[in-house]
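The lines below spell out each chain.
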Amino acid sequence: MHNDIQMLEVPARAGGWRLDRTLELFMPDVGLRGRRRLVESGAVTVGGRVRACGYRVRAGQAVVIGIVAPEAAQFGPGDVAVVLAGDDYGAVDKPSGLHSAVIAHGGGESLEALLPAIFPDRRAVLLSRLDQLTTGLVPVAFSDRAARAYRELEESGEVVKTYLAVGYGEAAGCFRVENDLDTADRRKTRVLPRIVFDSKRNTDVEPLASAGGVTLFRCRIGMGARHQIRAHLAFAGHPLVGDPLYGYGEGGRLFLHCAGIDCPALTVGLDAPWTLAEAAAVLAGD
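All values reported here derive from a predicted model rather than from experimental measurement. (Residues numbered from 1 in each chain as written. Predicted model: local features only at pLDDT ≥ 70, side-chain atom pairs only at ≥ 80, totals over all residues. Heavy atoms only, no water.)

Draft legend 1. Looking closely at the pairing of strand β6 (residues 89–94). Of all six residues that make up β6, five are buried, and the element is covered over most of its length. Sheet topology note: the strand β5 (residues 81–85)/β6 ladder contains four bridges and is antiparallel. Bridging from a neighbouring strand, Val82 pairs with Val92 of β6. Hairpin connection from β5 to β6: three residues lie between these consecutive antiparallel strands. Bridge analysis of β6 against strand β8 (residues 135–141) gives six bridges, and the strand direction is antiparallel. Following the sheet pairing, Gly90 is matched in β8 by Val140. (Buried < 20%, exposed > 50% of the residue type's maximum accessible area, 1.4 Å probe, protein only. Helix = DSSP H or I, 4+ residues; strand = E, 2+ residues; numbered from the N terminus. Pairing = 2+ DSSP bridges.)

Draft legend 2. Molecular detail of the packing of aromatic side chains. Going through the model one piece at a time under the given rule, you end up with five aromatic pairs. Between Tyr168 and Tyr248, the aromatic rings sit 5.2 Å apart at their centres with planes inclined by 75 degrees, giving edge-to-face as the arrangement. Here Tyr248 lies in the loop between α5 (228–235) and β15 (256–262) and Tyr168 lies in strand β9 (residues 160–168), a separation of 80 residues in the sequence. Where Phe255 meets Trp274, the ring centres are 5.2 Å apart and the plane angle is 65 degrees; that geometry is what we call edge-to-face. With Phe255 in the loop between α5 and β15 and Trp274 in the loop between β16 (267–269) and α6 (276–284), this residue pair connects regions lying 19 residues apart in the sequence. Summarising the burial analysis for this pair, Phe255 and Trp274 share the class buried. Sitting above the plane of the Phe142 ring, Arg122 keeps its charged end 3.6 Å from the centroid. Positioned above the aromatic ring of Phe255, the side-chain terminus of Arg253 is 5.8 Å from the ring centre. (Phe/Tyr/Trp six-rings, centres within 6.5 Å; stacked < 30°, edge-to-face > 60°. Lys NZ or Arg CZ within 6 Å of the ring centre and 35° of its normal.)

Draft legend 3. Broad picture of the environment of Val80. Position of Val80 among the secondary structure elements: in the loop between β4 (62–68) and β5. Val80 sits 82 residues away from Thr162 along the chain, and the two C-alpha atoms are 20 Å apart. Once residues lying within four places of it in the same chain are set aside, the contact partners of Val80 are Val92, Asp93, Pro95, Leu98, Leu111, Leu114 and Ile118. (Contact = heavy atoms within 4.5 Å.)

Draft legend 4. Region of interest: the environment of Pro77. Secondary-structure assignment places Pro77 in the loop between β4 and β5. Along the chain, Pro77 and Thr183 lie 106 residues apart, while their C-alpha atoms are 31 Å from each other. Those residues in contact with Pro77, other than ones at most four positions away along the chain, are Leu114, Ala117 and Ile118.

Draft legend 5. Representation of the pattern of salt bridges within the structure. All chains considered together, the criterion is met by 16 salt bridges. Taking the shortest distance from any N to any O, the salt bridge between Arg145 and Asp88 comes out at 3.0 Å. In this pair, Arg145 sits in helix α4 (residues 144–155) while Asp88 sits in the loop between β5 and β6, placing the two residues 57 residues apart along the sequence. Using a relative accessible area of 33% as the deciding quantity, one classes Asp88 as partly exposed. Here Arg218 makes a salt bridge to Glu206, at a shortest N to O gap of 2.9 Å. Of this pair, Arg218 sits in strand β14 (residues 214–221) while Glu206 is found in strand β13 (residues 203–211), placing the two residues twelve residues apart along the sequence. One network of salt bridges, with partners in common, ties together Arg18, Asp20 and Arg36. (Salt bridge = Lys/Arg side-chain N within 4 Å of Asp/Glu carboxyl O.)

Draft legend 6. Region of the structure containing the pairing of β9. A large share of β9 lies buried, amounting to seven of its nine residues. One ladder, built from six bridges, connects β9 with β15; its direction is antiparallel. Within β15, the position partnered with Val160 by the bridge is Asp262. Pairing between β9 and β14: eight bridges, direction antiparallel. Along β14, the bridge assignment pairs Leu164 with Arg218.

As structure tokens, then:
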């Protein structure tokens, strides 16, 4: 339900721009990700119709932005366990259903918004993001200097993130998915046929155990891209159990968990809140 509506007109200089770019004129404090989420939610119309992020606007068109009323909070700081709290870095355990970063205009609750309450005595900067349905480790920095240092480690390929995932089928051995990903203007990331020669964007996959037609995989990535593991494993023939975008959305839980972060700045691990047997039971209908 919308509690506020902005009615605007596309200026002449913005004619031909993408809708997500045009919105920056009206919402300068909202980043590209936030603007795209707002468009994808259906809260923006152009010329009386809901449009895609890539829609090319015309000068003089009417743009209506509906601001969604916030719902009652479902998450509090007590729902986010602190796994590590050092001098420069920390890590928390994000539960399923909670967004990582703040989303503008009623996009939902976020871990980032809870950080001041989780770490009341010092400022915490979010260093990476997990999908809303993904559980596990999210690192934070306690200063801008530490945040910059971590991102430099990511750029240089010195950050390795380990995930546990349960996907359909069985695999004969370890494999790597090197296909490039198209994440622009898409709710669903598209796997491209071309290979990307950048280990930070590859997904290394190791099968650990199988049961009931599904396999527990250990996946390692570097910087990563949006939905990288979910899209890469589905492309490889192993869509994740419970994945509503790349799989079948069964069982109400996505079996994907960030279980480890390893780099010169911090090393931390966390067990998954689920088991392979539970994933197999979902497929069996138990």
